[in-house]
Amino acid sequence: MEHLGGPETEEQLDRRHRRYVDLSTDTTGRGRMSRIVLLPEERALGNIGLWVSTWQDEPVYETGWAVLPGFQGRGVATLAARAVAERARAAGLHRHLYAFPSVENAASNAVCRKAGFDLLGEQDLEYPPGRPMRCNVWRLDLGATEAR
């Protein structure tokens, strides 16, 4: 949570977990949280989400991920981001998939670049609510068919 406001209290962890469970059991198509798993061992390496959001008055998909420290730097998040992009593309509900990593989070910005997102610029956002954060705005055009 270094780039997302620091450590969370037990109460904050419980609320976030409930949001993730609710999202994962949603049947309306608004999104899904997924575990990132190493096969065939079925070892959990982290998580990645895909959810419907609004960006500049346009309905879009948004994604975010977390990989356990022992597995960072191995391409795990990049593979997961590509898989989420394919899931979003297959759903066909929105034209774009966005990610908003902190400008200070070099690893997540590298994931966006390697997964084929285009850097649109920087933006001041609040995450978590009440905590200002300078983010890079990354966008993947889900309608594009050319290989990156």
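This structure is a prediction, so every number in the text was calculated from the model and none was measured.

Colleague: Explanation requested: the overall build of the protein chain in the structure shown.
Modeller: Scanning the protein chain for helices and strands turns up 3 helices and 6 strands. Helices and strands appear in the protein chain in the N-to-C order α-β-β-β-α-β-α-β-β. Of the contacts made within the protein chain by residues no fewer than 6 positions apart, 51% connect residues no fewer than 24 positions apart. Surface exposure of the protein chain reaches about 9300 Å², of which carbon and sulfur atoms provide 51%.

Colleague: Even after reading the chapter, I still don't get the pattern of salt bridges, so can you show me in this structure?
Modeller: Where charged atoms from two side chains of opposite charge come close, those side chains can pair. Under the definition given, this model contains 4 salt bridges. As a salt-bridge pair, R89 and E86 come within 2.4 Å of each other at their nearest N and O atoms. One end of the pair is R89 and the other is E86, both in helix α2 (residues 76-91) and 3 residues apart, which spans about a single turn. E122 serves as the salt-bridge partner of R134, at 2.9 Å between the closest nitrogen and oxygen. Here E122 lies in strand β5 (residues 118-126) and R134 lies in strand β6 (residues 132-141), a separation of 12 residues in the sequence. Given a relative accessible area of 45%, E122 falls into the partly exposed group.

Colleague: Explain the sheet that holds strand β2 (residues 43-55) to me, please; I cannot follow it from the model alone.
Modeller: Hydrogen bonding along the main chain pairs the strands of a sheet, whether they run parallel or antiparallel. Within the open sheet, the 6 strands sit side by side as β1-β2-β3-β4-β6-β5. Their pairing is mixed. Of all the strands in the sheet, the pair left with one neighbour each is β1 (31-38) and β5. Within this sheet the neighbouring strands show an average axis-to-axis angle of 30°, counted without direction. Sitting on the sheet, helix α3 (residues 106-114) touches β3 (58-67), β4 (96-99) and β6, and the angle it makes with β6 is about 15°.

Colleague: Just checking my understanding: could you explain unusual backbone geometry for this structure?
Modeller: Most peptide bonds are trans, and most residues other than glycine sit at a negative phi. Going from L39 to P40, the amide bond is cis rather than trans, its omega being 5°. Position of P40 relative to the elements: it lies in the loop between β1 and β2. For Q56, which is not glycine, the phi dihedral falls at a positive 50°. Along the chain, Q56 turns up in the loop between β2 and β3.

Colleague: In this structure, what is going on with the pairing of β4? I would like to understand it.
Modeller: Remember that side chains alternate between the two faces of the sheet whenever the strand is regular. Here β4 shows a buried face lined by H96 and Y98 and a second buried face lined by L97 and A99. Assessed by its sense of winding, the connection that carries the chain from β3 through α2 to β4 is right-handed. For β4 and β6, the ladder comprises 4 bridges, and the chain directions are antiparallel. Residue pairing across strands places Y98 opposite R139, the latter belonging to β6.

What counts and what doesn't
- Residues numbered from 1 in each chain as written.
- Predicted model: local features only at pLDDT ≥ 70, side-chain atom pairs only at ≥ 80, totals over all residues.
- Heavy atoms only, no water.
- Helix = DSSP H or I, 4+ residues; strand = E, 2+ residues; numbered from the N terminus.
- Contact = heavy atoms within 4.5 Å.
- Areas by Shrake-Rupley, 256 points an atom, 1.4 Å probe, with all protein chains shown as cover.
- Salt bridge = Lys/Arg side-chain N within 4 Å of Asp/Glu carboxyl O.
- Buried < 20%, exposed > 50% of the residue type's maximum accessible area, 1.4 Å probe, protein only.
- Pairing = 2+ DSSP bridges.
- Axes fitted to C-alpha atoms, helices over the stretch in contact; angles between N-to-C directions.
- Right-handed = clockwise from strand over helix to strand, strands pointing away.

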